[in-house]
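Chain and residue survey
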Protein chains: 2
Amino acid sequence: MTQMEPTISWVLDRAALINADGESTIDIGTGERRTWAETKERVDGLASGLLGLDLEPGSRVGVLMLNSARHLELWFGVPGAGMVLNDLNFRLAAEELRFICDDSQVRVLFVDETFLLVARQLLDACELLDQLVWTGVGTQAPEGTIAYETLLAGPARELPVATSDDLAAIFYTGGTTGLPKGAMLTHRNITANALHMVVCAQITHADRYLHAAPQFHLADGAMTFSTSWAGGSHVFIPAFDPSATVSALASEKVTLTLLVPTMITMTLASGELDDVDLDAMRLLIYGASPMPAAVQRQAFEGFGCGMAQAYGMTEASPVVTWLDEETHARGAAGEEPFANRLRSAGAPIIGVRAEVRRSDGSPAPTGEAGEIYIQGPNIMAGYWNRPEETAAALVDGWYRSGDVAYADSAGYLFVVDRAKDMIISGGENIYTSEVENAVYTHPAVAEAAVFGIPSEEWGETVHAEVVVKPGAELTNDELIAHCRDLIAGYKLPRSVAIRSEDDALPKSGAGKILKRDLRAPYWDGHDRSVG
Amino acid sequence: MTQMEPTISWVLDRAALINADGESTIDIGTGERRTWAETKERVDGLASGLLGLDLEPGSRVGVLMLNSARHLELWFGVPGAGMVLNDLNFRLAAEELRFICDDSQVRVLFVDETFLLVARQLLDACELLDQLVWTGVGTQAPEGTIAYETLLAGPARELPVATSDDLAAIFYTGGTTGLPKGAMLTHRNITANALHMVVCAQITHADRYLHAAPQFHLADGAMTFSTSWAGGSHVFIPAFDPSATVSALASEKVTLTLLVPTMITMTLASGELDDVDLDAMRLLIYGASPMPAAVQRQAFEGFGCGMAQAYGMTEASPVVTWLDEETHARGAAGEEPFANRLRSAGAPIIGVRAEVRRSDGSPAPTGEAGEIYIQGPNIMAGYWNRPEETAAALVDGWYRSGDVAYADSAGYLFVVDRAKDMIISGGENIYTSEVENAVYTHPAVAEAAVFGIPSEEWGETVHAEVVVKPGAELTNDELIAHCRDLIAGYKLPRSVAIRSEDDALPKSGAGKILKRDLRAPYWDGHDRSVG
């Protein structure tokens, strides 16, 4: 019955059927506006163009681009040609990108003006990569590249019909240790998540979604399919900044967007929200991490719309749990159990199951922390070319997330730590977020990251990296004394590195602090088995 | 990856997780009110009880009941025990029920007080059926039956874990050959439709759905899963009547229900809506057939809520297209293209594809009538034990519906005819060949054609044109009395035109009776979009 199952082509076909004359893409970077009928024609042209290159079914197609309408076309056109999308995180170093392109066997790379230089380096360095497609406007492509618009204008070809189990994309997950690995997502995985999101966010053809977070990141990229399947519209800014974001929200009457907490904080601090009318906005989704209650309240007022949190990971295509608008609205008013649940990542979305388990695999009772196991049609097929890591992650029909949480009686997950970030010191499990929460309560602390460093005696000991606020002063002893009142003695930092305000902690594209970079110098030459 | 796919158990588990203390079922017939935690416990008890009977995985479990909370429990408990639900249309004649029970191999039959007599007849007549479970309140079961509550209270057993491809239910649908055939629906079929409906009807945990249409009919029954998956509540009246329906809508603050157009007409005519407050109602879904524009307007005013139409069939679990609230609201105000689309059955819902094709299988252009082909994860696995009919219905990954429609440019389907000559009277599908088979068994009948004629109250009623044999005599009453022993009351001709032997029915060159010509004078001046 596989042929009865949806593929990514169904998503575009439906948008182009029910909303042919409606706006598909509004690209603020290039000024181009298109209808769904036009986008469907362009995507078919792109897929035909791909079939005309020296590629096979299943060939990996790389993308290294800022946000744009063409970027969206690739998310439909590559799977539509029976090939596999590998959208690259442009914040990675050239050597990391080379590793990923070689590992996934990228044959052709779509690149915009911004990343042309690094794309040329990759063309030289990567084994199978031998074609660059330049995705700028017009047909005047830089030397040695094919113009995207030329590729689209080529002869029409018969497009393959995918099955739902075919691979549609490989997304590399940073992982806190080791080499990046490619999560293989099928048409079924991606369309399942899209449908789940249409339910959660109640997306309709009247919605207008702003791509402000980077499209290469699945949190934003997956909204391509949910918004399109409902027949809605897409607005693009090349990259997030507070002014461009607020301006796009207002001028394009955006109804829906997804931002990471850091972006929300920056937007609130920018003052850009003060003088604009965001009446059309109905839902601000935030992902990647929960937000402190104070920021939630400010965002609720600043954006003046409903709020929801999505929690997930690449391996889940990506959404697992959802903290809904009602919880945000009633929780902000102090009503229980909503107020307490604002600290959670939400409850399992429709179509997905999540269980908290003890280390022996048995279910953890309500309130007891354990590893989050996940089950659903959105769970990846495995890691590309990593049979051992796949076998460790996909166990008896469940995906082991590695994240640690406890659940309340209604299934709301309170994520206490990434299992990979858990410190085991003297046989005690220490969840770093708990220590960080304590550190953050000190008034002089601007930013903090806690992780384990090697110790002969304890296996690991707790270490904190702390950035102080402008003008503030802080000593190690002061901070530890402050924490002593808040957490158990064995959880206290044994060492602290105080950083000045100019020495911010390293962050990922999603604004997440990169503990792995902070940790690396301490672990050089040591073997750390967990994580 | 089958194990990652949802089954019917996921639906109940989620409701019992996210809304454990919320109301699951409010049974107005018995006065019982339960929470989702209680319903989950009862359903697990029912499944354990079924495993304790002399049954195997995949055994067919029959149900012959009015609407009730216990009826809903069976829709979860039978598939939850790894068995197959066969919910019987209680309007069928005893002989029809016997055929269906034998054909599907029913082993145990759940029956309420209303149908105990016919159930006993079936117990005698049916080959494999050897147990009756009485679904009344309490444990005092009539002689020769097991009490439902006793079955539930038995020892807990380990429940099987279904896969999504397992059969969950067999629903019988009239066949063109006259014999009903069983559409086999898998867990995947049923959960796919449920998710599609959650999207269409934007169902949430705050919804309260009224089961007023018969639960045995998939149009109502399938709402069991969509409403539950969202965590909503169910209200039951034993059977539709205008007073009970309006009273339940008002007293239980129902937000959502599905009625067939005849029920809506009867409710409007009853005057029951005049003095009640239905402020909670947000959406009235109607199915089975379109409604005349005048009735749509009256319903819009009378119920004072949004309206939507669902079109589908048993083989599609059942929903294929959806005519949304916006179309009803703006169409009622005369705005195009909405006003014109009110005559349609709506556009394909998310997750389902529908195409209109010519008889050679090629796509029909916009506006040209052809057969509706359907594709989606909701399409049945086939007809039980009917390889030929299955092969004719499931072709190259598409389901051939037999319905004839044209599509507008946005994919809205305007159903112009039923290839199978089906009559829809009061929301019931009546296959003309079945009625003709009965008519032809009368010794005086030489030729007969059965078709629907317009009716204010029923949409259509069954009409028979009969040519008598030379020298034979026949009256209308005689013919109807003859048919009464063979087919259900609702299928009986309401009017008969007896023709002499000199007045043969009009025929095509190939000798096929031209029903269109016979039908035309009756439908002159009527807007008949389905039939």
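Right, let's talk about the sheet that holds strand S10 (residues 208–211) of chain B for a bit. Spatial ordering of the open sheet is given by S2-S1-S11-S10-S12-S13-S14-S15-S16 (chain B), a layout of 9 strands whose pairing is mixed. Where the open sheet ends on each side, the last strands, each with one partner, are strand S2 (33–35) and strand S16 (347–348) of chain B.

As a further point, take the domain arrangement of chain A. Looking at the assigned domains, one finds that chain A contains domain 1 (35–162), domain 2 (351–419) and domain 3 (422–523). Computed from C-alpha atoms alone, the centre-to-centre distance between domain 1 of chain A and domain 3 of chain A is 42 Å.

Before going further, it helps to spend a moment on the sheet that holds strand S27 (residues 495–499) of chain A. Residue and element names in this part refer to chain A. Spatially, the 3 strands line up as an open sheet ordered S25-S26-S27, and their pairing is mixed. Across the chains shown, the open sheet's two edge strands, defined by having one partner strand only, are strand S25 (445–455) and S27. With direction set aside, neighbouring strand axes in the sheet form an average angle of 20°. In this structure, S25 lies alongside strand S26 (residues 459–468), joined through 10 bridges in antiparallel fashion. For Pro454, the partnering residue across the bridge sits in S26 and is Glu460. Along the sheet face, helix H16 (residues 432–440) touches S25 and S26 and points at about 140° away from the line of S25. Where helix H18 (residues 515–523) meets the sheet, its contacts fall on S25 and S26, and the angle it forms with S25 comes to roughly 40°.

Right, let's talk about the interface of chain A and chain B for a bit. With 30 residues of chain A in contact, the opposing surface of chain B contributes 30 residues. Only helix H1 (8–18), helix H7 (187–201) and strand S16 (347–348) of chain A provide two or more residues apiece to the side of chain A that touches chain B. The dominant element in the side of chain A that touches chain B, judged by the number of residues it contributes, is H1(A), at 4 residues. Looking at the side of chain A that touches chain B, its residues break down into 19 nonpolar, 8 polar and 3 charged.

Within the largest apolar cluster, 323 residues are counted, with the highest numbers of intra-cluster contacts made by A:Val198 and B:Val198. Among the elements that make up this core, the one with the highest residue count is H7(A) (9 residues).

The rules we used
- Residues numbered from 1 in each chain as written.
- Chains lettered and ligands numbered in written order.
- Predicted model: local features only at pLDDT ≥ 70, side-chain atom pairs only at ≥ 80, totals over all residues.
- Pairing = 2+ DSSP bridges.
- Helix = DSSP H or I, 4+ residues; strand = E, 2+ residues; numbered from the N terminus.
- Domains from an automatic or database assignment.
- Axes fitted to C-alpha atoms, helices over the stretch in contact; angles between N-to-C directions.
- Contact = placed C-beta atoms within 7 Å.
- Nonpolar A, V, L, I, M, F, W, Y, C, P; charged D, E, K, R; others polar.
- Core = buried A, V, L, I, M, F, W, Y, C linked by C-beta atoms within 7 Å.
- Buried ≥ 20, exposed ≤ 12 C-beta atoms within 10 Å, placed from the backbone.

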